Amino acid sequence: MRFLNTSSFQLSTFSAIVILGLSLVSCKGTKFLAENEILYTGADINIENQGKIPSKKALTNELSELVRPKPNQSIFGMRPKLWIYMVTRDSTKDKGLKNWINNKLGEPPVLLKTAIPENSATLMTNSLYNKGYFQAEVAYQVNKKKKTAEVEYTASIKSPYRIRHIIFPNDSVAPDSIDSATPVEIRKKIQSIKDESLLQVGNQYKLDVLIEERERIDRALKNQGYYYFNPDYLLFQVDSTVGDRQVNVYLKVKPNIPNEAEQVFFMNNIYIDDDHQLVRDTANIRADTIMVNDYHYISNNDLFRPRIITESVFLRPDSIYSRKAHDQTLRRLMGLGAFNFVNVRFEEVGSNLLNASVQLTPMKKKSIEAELQAVSKSNGFAGPGLNISFRNRNTFGGAELLTIRGISGYETQISGRQSGLNTYELGLEAELLIPRFITPFNIRVSSNFVPKTKITLGYRLQNRVNYFRLNSFSFALGYIWKEDVKKQHEFNPININYLKVGNTSTVFDSLLSSSPVLARSFAQQFILGTTYSFTYNTKLEERRTNEFYFNGNIDISGNTMHLIQNGVNDEDATVEEPYTIFGTAYSQYTRVDTDFRYYHNFSSSSSIATRFIAGVGVPYGNSSTLPYIKQFFIGGTNSIRAFPARALGPGTYVTPDSVQRFLIDQVGDIRLEFNTEYRFDIYSVFKGALFFDAGNIWLIRDNPERPGGTFDTKTFLNQLAVGTGFGVRIDASFFVLRFDLAFPLRIPYPGEEERWVIDEIDIGSSTWRKNNLILNIAIGYPF
């Protein structure tokens, strides 16, 4: 087979583990049950419908979640946790290994007698009623088979009821009893916002939507000064007798609500304490406060510049109380990143007046963190790393976050096509995050989130011993802001990198001299870039059935400088004689890449995750090739896992043996990649995954040094590498350790008829396993 020997992993050990595991789960655990005990194995839900119902499959899944109890966990019909419990349950000791295994790894049997089908059927009936299936009936039947039993539920339903009319207070068709029971001013307020109602004529009746509508109205009233109003004061009445499987929905305010709930409240005095302590009584020190922008500002230690804090408070003296302004204040103050706790307390004073106390508990201003790493990469490099960070969370009194990081690491290639390559890296980076925009003109963004100005300055030294030393200097000035919880923007108008390769060896020099294109990508150069990134992420919200993630980046370099120099110079730049700054050429290119992900959650224990990546970089003007650090590569633990990092492409190109050890020239200008994996729970913190990866990289222009590497719309699909495999993840929430075992299904570089290698799979062959199986060990999920 081909060259894919990149792991020292021996399958003999793996086979032994598999055999042991299969022996463990071979028993279903039922033989340990007492004679009169029957194991409950779960429920089967059937829906018999008369008429059309929306999303029958989704409704079935919702009903399944209501069934109690949940059966014992199973894997392919086996119940390893139950088996462990049964074989260790006779322990007479309260301590010891056997007792620990029984309690921590085992699971007691879920017996049929603990399942009460009547209760589950009632829950299902109520749930169906709340979704508009008013005449629903749920029957059940217990199906026994030797020592196990399953409960079969059958829900008989008709088409759901839909909304015919929505009657708000003060509507002309509202009964007199509704209007007369509703305070006049609140009635007018509800009328003014009814066009934004979540209830729509023709929609299916759902109790959940009515509850959300109550909360919407409550938020709207609180934003108009009704501080003491409560959604429980709102009542919906539903009339299902209007016929044609329709309902009229009436909204009313309950009678005899507290008098203060009908009153509009105004803000009076607002006190801000920027060093709040639980043991301090702020009432005793208010006489010593200073006035800042009409706020009473308390600052015993002068920790912050008052204006920075007051600009994040949206509650205004002498204004109507607003819950929106209240929430914005909490969100913005926490977004400053300088406080452990933020609280706003309200106190009623006088007639319809509220005092507010904004209580801020700062974090420790300075901290030092050290992180010791053990790095294992998909390209066969491994070694230790040490990172030290210093943080100052209030550098200049304006909640600025200054982070200084020292980075060090050593790696050696311990496996793969070659071994003995040593690399060490040293770096120093300073990053300053300022919680506001610093610009020559005013920029308006969402007031719900803190906009930030980001300034970074860094240096990195990467030394591949006996080959080359890469020096990299960087400076960036940019801005980060959010539209809402899902959308984030990052714009860096200035993003400068300076790259210089030094201390090159004779071997490395000979490689560069034989490849002018590669030599230009490693040449000393400036990158004068402007970058923009947009991220859309629904996974930041509560878990949904369908979740999306999108990240798009654009990187433009050298255009402004080239335009200026082209205007003042008589001669145009060429590849041999490019324009320079301080005697050093600069890169000119445009690079775009996107990352789209889709997650479909079948349940809390299983999902499908899919990712599509596309990127292209085009050099022009002052450059004939992208800088090496801006080129695309593919393969590795977070990419196509059946191939090592940088071991694919471009196109059908194969790296000569003389340069394989560098792993530096399998990069390209175009990248396409598709990944999908089915994720499922095994038990406890152990998760499983079946995955499929495909993709490749290509060159945008012909390069005789890398034949077969150019992108062609007619042939690129035939040049995709394809791999698959199985993964085990240890997911402890705060930490995920991932083991993905992969092998290729398709290799892009042989002859066209030889690329699919499915028929060559031979798990029993040690030669095949050695040349094809790759064990990827990584931290975190691949996407």
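Residues numbered from 1 in each chain as written. Predicted model: local features only at pLDDT ≥ 70, side-chain atom pairs only at ≥ 80, totals over all residues. Heavy atoms only, no water.

## Here we look at the overall build of the chain
For the record, the criterion: The secondary structure listing takes helices from DSSP runs of H or I that are at least 4 residues long and strands from runs of E that are at least 2 residues long, numbered from the N terminus. Here the term buried applies to any residue with accessible area under 20% of the maximum for its type, exposed to any over 50%, and partly exposed to those in between, with areas from a 1.4 Å probe on protein chains only. Note on definitions: a residue-residue contact is assigned when non-hydrogen atoms from the two residues lie within 4.5 Å. Here the open area of atoms and residues is found with the Shrake-Rupley method and a 1.4 Å probe, where only the protein chains shown may cover a residue.
Scanning the chain from terminus to terminus reveals 14 helices and 29 strands. The burial tally for the chain puts 46% of its 783 residues in the buried class. A separation threshold of at least 6 residues defines the contact pool for the chain, and within that pool the share at least 24 residues apart is 65%. Within the structure as shown, the chain displays about 39800 Å² of accessible surface, and the carbon and sulfur contribution to it stands at 53%.

## A look at the pattern of salt bridges
Let me state the cut-off plainly: Any Lys or Arg side-chain nitrogen located within 4 Å of an Asp or Glu carboxyl oxygen qualifies as a salt bridge.
Applying the stated criterion to the full structure yields 29 salt bridges. Put simply, R391 and E369 hold a salt bridge, and the shortest N to O gap is 3.0 Å. Of the two residues, R391 sits in strand β13 (residues 381-392) while E369 sits in strand β12 (residues 366-376), which places them 22 residues apart along the sequence. For E673, the salt bridge is made with R611, and the minimal N-O distance between the two is 3.2 Å. Here E673, found in strand β25 (residues 670-683), pairs with R611, found in strand β24 (residues 606-619); they are 62 residues apart in sequence, far enough to count as distant. Each of R641, E677, R679, D693, R729, R738 and D740 takes part in one network of salt bridges that share partners.

## Digging into unusual backbone geometry
One can expect most non-glycine residues to show negative phi and most peptide bonds to be in trans. Note that the residue after R68, namely P69, is joined by a cis bond; omega there is -5 degrees. Cis rather than trans, the peptide bond between G649 and P650 has omega equal to -5 degrees. The phi dihedral of K146 is positive, around 55 degrees, even though this residue is not glycine. As for its placement among the helices and strands, K146 is situated in the loop between β2 (137-145) and β3 (148-158). Note on K146: relative accessible area 81%, which makes it exposed. With a phi angle near 55 degrees, N352 is a residue other than glycine that sits in the positive phi range. By the element assignment, N352 lies in the loop between β10 (339-348) and β11 (353-362).

## Thoughts on the packing of aromatic side chains
Keep this limit in mind: In summary, the pairing rule links any two rings of Phe, Tyr or Trp, Trp by its six-membered ring, whose centres are within 6.5 Å, and it sorts them by plane angle into stacked for under 30 degrees, edge-to-face for over 60 and tilted for everything else.
This structure, assessed with the given rule, holds 26 aromatic pairs. An angle of 40 degrees between the planes, with centres 4.8 Å apart, marks the rings of Y459 and F473 as tilted. Taken together, the positions of Y459 in strand β16 (residues 452-464) and F473 in strand β17 (residues 468-482) put the pair 14 residues apart, joining distant regions of the chain. Assessed through its relative accessible area of 39%, F473 is described here as partly exposed. An angle of 85 degrees between the planes, with centres 6.0 Å apart, marks the rings of W698 and F716 as edge-to-face. Placement of W698 in strand β26 (residues 686-698) and of F716 in the loop between β26 and β27 (721-731) is noted, with a sequence separation of 18 residues between them.

## Brief notes about the packing of helix α3 (residues 80-88) against helix α4 (residues 97-104)
Using the following cut-off: Whenever a helix is involved, its axis is fitted only over the stretch in contact; in every case the axis is a line through C-alpha atoms, and angles between N-to-C directions fall within 0 to 180 degrees. Take the far helix as the reference: if the near one is turned anticlockwise from it by less than a right angle, the crossing is left-handed, and if turned clockwise, right-handed.
Axis separation between α3 and α4 bottoms out at 8 Å; the angle between their running directions is 145 degrees. Both α3 and α4 take part in a crossing whose hand is left-handed. Between α3 and α4, the residues in contact are I84, Y85, V87 and T88 and K98, I101 and N102, respectively.

## A look at the sheet that holds strand β8 (residues 290-292)
The following threshold applies: A pair of strands is labelled paired if DSSP reports no fewer than 2 bridges between them.
Taken together, 5 strands build an open sheet; the order of strands is β8-β9-β7-β11-β10 and the sheet is mixed. A strand with exactly one partner marks an edge of an open sheet, and here the two such strands are β8 and β10. Each adjacent strand pair in this sheet contributes to an overall mean axis angle of 25 degrees, direction not counted. The sheet contact formed by strand β7 (residues 266-273) and strand β9 (residues 295-298) spans 3 bridges and is parallel. Bridging across to β9, Y271 finds its partner in H296. Helix-sheet contacts for helix α10 (residues 323-335) involve β10 and β11, and the interaxial angle to β10 is about 155 degrees.

## Side note on the confidence of the model for the chain
If pLDDT is low for a region, its predicted coordinates should not be looked at in detail. Basically, it comes down to this: Known as pLDDT, the predictor's confidence for each residue is given on a scale from 0 to 100.
Mean pLDDT for the chain: 86, with 89% of residues reaching 70 or above. Counting interchain partners and residues more than four positions distant, the pLDDT-below-50 stretch residues 1-26 has 47 contacts. When the criterion is pLDDT under 50, residues 414-419 qualifies, and its contacts beyond four places in sequence or with other chains add up to 18 contacts.

## Quick look at the environment of T594
On the secondary structure map, T594 appears in strand β23 (residues 589-603). A sequence separation of 42 residues divides T594 from G552, and the C-alpha atoms of the two residues are 4.4 Å apart. When sequence neighbours within four positions are dropped, the list of residues in contact with T594 reads F550, N551, G552, F612, I613 and A614.

## So, a negative patch on the surface
How we decide: The patch calculation keeps residues exceeding 30% relative accessible area without a salt bridge and links them within 9 Å when they carry like charges or within 5 Å when they are nonpolar (Val, Leu, Ile, Met, Phe, Trp, Tyr). For the purpose of counting charges, residues Lys and Arg are taken to be positive, whereas Asp and Glu are taken to be negative. His and the chain ends are not included. Charge positions come from single atoms, namely NZ of Lys, CZ of Arg, CG of Asp or CD of Glu.
Among the surface-exposed residues, D570, E571, D572, E576 and E577 lie close enough to one another that they form a single negatively charged patch. Structurally, E571 is set in the loop between α13 (559-568) and β21 (580-581).

## Re the side chain of T88
Tracing the chain through its elements places T88 in helix α3. Ignoring any residue separated from it by four or fewer positions in sequence, one finds T88 in contact with K98, I101 and N102.

## Comments concerning the sheet that holds strand β4 (residues 162-167)
As summarised here, the arrangement of the 3 strands in space is β4-β6-β5, forming an open sheet in which the pairing is mixed. The open sheet has two edge strands with one neighbour each: β4 and β5 (234-239). Going across the sheet, the axis of each strand differs from the next one's by a mean of 25 degrees, ignoring polarity. Bridge count between β4 and strand β6 (residues 246-253): 5 bridges; the pairing is parallel. Residue pairing in the sheet places I166 in a bridge with V249 of β6.

## Digging into the nonpolar core
To keep things clear, this is the line we draw: We call a set of buried residues a nonpolar core when its members are Ala, Val, Leu, Ile, Met, Phe, Trp, Tyr or Cys and they connect through side-chain atoms within 4.5 Å of each other.
One finds I272, I309, L315, L333, F339, F346 and L360 to be the most contacted residues of the largest nonpolar core, which totals 27 residues. Elements supplying a minimum of two residues to this core: β7, β9, α10, β10 and β11. Within the second largest apolar cluster, 25 residues are counted, among which are I190, A220, F229 and L251.

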